[in-house]
Amino acid sequence: VDVALAGDRSVYVGMVAAISSIFETTPSARVFVIAEAPEELRPAARCVAPESRLEFVEFSRSRLAHLTLKAPTGRAYGNLESPANFARFYLPELLPDVSTVVYLDADVVVLADLAALLDAVPKRDFAVAAVPRDQDACYSPNASRPGMFYCDDPRAAALFEERAIDPAKHLVSFNAGIAVFNLDTWRRKHLTKRAEFWIKRHAVRPLWRLGSNPPLVLLAADDLFAPLPDPTWNCDGLGWKKTLHLEPSCLLHGAKIWHWYRPSLCFALSERPIDRSIDRETRRQRSATEGTGCSSFVGRRRGFPISPTSLPLPATVTSSRAAGPARRSPGSTPATTRVSGGPTSPTLPVSLSCRPPRSSPR
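Since the structure is predicted, the reported quantities are computational estimates derived from the model, not experimental observations.

A word on the overall build of the chain. Of the regular secondary structure elements, the chain holds 13 helices and 15 strands. By the burial criterion, 52% of the 362 residues in the chain qualify as buried. When the accessible surface of the chain is totalled, it reaches about 16,900 Å², and 50% of it is carbon and sulfur.

This paragraph deals with the state of the cysteines. If you walk through the whole model with that rule in mind, you get 1 disulfide. Note on cysteine connectivity: Cys-138 is disulfide-linked to Cys-151, with sulfurs 2.0 Å apart. What sets the handedness of the Cys-138 and Cys-151 disulfide is the S-S torsion sign, and at about -90 degrees it is left-handed. Within this pair, whereas Cys-138 is found in the loop between strand 8 (128–130) and helix 5 (154–162), its partner Cys-151 is found in the loop between strand 8 and helix 5, the two being separated by 13 residues in sequence. According to the relative accessible area criterion, Cys-151 is buried, its value standing at 17%.

So, on to the sheet that holds strand 8. The mixed open sheet is built from 7 strands, whose spatial order is 3-2-1-6-9-8-10. The sheet is open, and its two borders are formed by strand 3 (54–58) and strand 10 (225–227), each paired with just one other strand. Each adjacent strand pair in this sheet contributes to an overall mean axis angle of 25 degrees, direction not counted. Inspection of the sheet shows strand 1 (residues 2–7) paired to strand 6 (residues 100–104) by 3 bridges, in the parallel sense. Note on strand 6: the bridge partner recorded for Val-3 is Val-102. This element, helix 1 (residues 12–25), spans strand 1, strand 2 (30–35), strand 3 and strand 6 of the sheet and lies at about 165 degrees to strand 1. Helix-sheet contacts for helix 2 (residues 38–48) involve strand 2 and strand 3, and the interaxial angle to strand 3 is about 160 degrees.

Taken as a whole, helix 5 has its buried residues at Ala-156, Leu-159 and Phe-160. Buried positions in helix 5, seen along its axis, are confined to an arc of 100 degrees and lie on one side of it. Relative to its buried face, helix 5 has exposed residues pointing more than 90 degrees away, namely Pro-154, Arg-155, Glu-161 and Glu-162. Buried residues belonging to helix 5 abut helix 6 (167–170), helix 8 (191–204) and helix 9 (213–219). N-cap assignment for helix 5: the residue whose side-chain oxygen lies 2.9 Å from the backbone N of Arg-155 is Asp-153. Looking one or two residues past helix 5, Ala-164 carries a phi angle of roughly 60 degrees, positive in sign.

Ranked by size, the top nonpolar core spans 51 residues in total, and within it Leu-95, Phe-149 and Phe-181 carry the most contacts. In contact with Phe-149, not counting residues within four places along its chain, are Ala-137, Cys-138, Tyr-139, Phe-160, Leu-171, Leu-207, Trp-208, Pro-214, Val-217 and Leu-218. Judged by nonpolar contacts, the second largest core, of 41 residues, contains Val-3, Ala-29, Leu-41 and Ala-44.

What follows deals with the environment of Glu-196. Along the polypeptide, Glu-196 turns up in helix 8. Through-space distance from the C-alpha of Glu-196 to that of His-66 is 9.4 Å; in sequence the pair is 130 residues apart. The residues contacting Glu-196, other than those within four sequence positions of it, are His-66, Leu-67 and Tyr-90. Looking at Glu-196, its side chain comes within polar contact range of the side chain of His-66, at 2.8 Å.

Enumeration according to the criterion identifies 2 cavities of 30 Å³ or more in this entry. One number sums up the size of the second largest cavity: a volume of about 40 Å³. What lines the second largest cavity is simply Thr-68, Leu-69, Lys-70, Phe-86, Ile-199, His-202, Trp-208 and Gly-211. Class assignment for the residues of the lining of the second largest cavity results in 4 nonpolar, 3 polar and 1 charged.

What counts and what doesn't
Residues numbered from 1 in each chain as written. Predicted model: local features only at pLDDT ≥ 70, side-chain atom pairs only at ≥ 80, totals over all residues. Heavy atoms only, no water. Helix = DSSP H or I, 4+ residues; strand = E, 2+ residues; numbered from the N terminus. Buried < 20%, exposed > 50% of the residue type's maximum accessible area, 1.4 Å probe, protein only. Areas by Shrake-Rupley, 256 points an atom, 1.4 Å probe, with all protein chains shown as cover. Disulfide = S-S within 2.5 Å. Pairing = 2+ DSSP bridges. Axes fitted to C-alpha atoms, helices over the stretch in contact; angles between N-to-C directions. Contact = heavy atoms within 4.5 Å. Arc of directions from axis to C-beta. Polar contact = N/O pair within 3.5 Å; in protein donor to acceptor, adjacent residues only side chain to side chain. Core = buried A, V, L, I, M, F, W, Y, C linked by side-chain atoms within 4.5 Å. 1 Å grid on protein atoms, 1.4 Å probe; cavity = no way out; pocket = protein on both sides within 12 Å on 5 of 7 lines; lining within 4 Å. Points joined across faces, edges and corners; volume = space filled by probe spheres on them. Nonpolar A, V, L, I, M, F, W, Y, C, P; charged D, E, K, R; others polar.

Structure below.
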């Protein structure tokens, strides 16, 4: 199962968590880590995944020098203008030998085998497969879930008409943070060039709200979108939605993928201490020679919390560690965080350190 994640330095910690959860659930995974500085991320990723199943791909801002990226930034949105958010449009070039790939945002926790996700994709020609949203394509400020596109803007409406797109009929809203890409279709239909067309037009006059999600919706307009029938493959909104507003299927049956809004929070709830496929002696040697275990990686990345008590847990999460980290006696049970969401909800360790422990005396 080929999987791709993309991120800049601000989400490296979340990417490590996502990678860890992928290998916990999907033994057949091969993960392509697309980053602006892959060598900075490599030591931490090796703590949680077999190195032979990881491939690092550089994607820097210079690759998009011919484009003007316009997207909201700030506390409510994060940095949607980051070039890493637009790396998904270049997957056919970045992964030339891959036909189908599962694309994941950095702020996810995978709880089911991604091979089953590929099996769930409808068997027909498609460019993008994802969980559809109950949301109109056109923006309406009074709607409970405002759409993406400024359909009432005369210039936007004229452009849609020129491209034979009726937003109400041809566009299906979906969250692009968890999607399956048919890269053969992308190459055959030159969809990367189409994406650049829309991004350039949006830079001249705003056509949509948000960042890289709307142009992906536009690319799937020509019957190239394949809806995933099971919404639990993208249980999004954790960290900002109230429990009442989360996808009911995720709460009743449990999530296959939890999708957060903050990668550092995702890291705190999912990161595993060590990769058990690597023997203890190899882990010890790596720690001694490299001097960069996952703990020091987290400590170096300014702006990331290094204590679970500093994380603002959402309403859907309760922690058994109420008064800060405590010293544990050998053999005791580590503190855990319970992610609510039905009988199959996971109990995950709340450890921000995956530095290999010292070998105990024999």
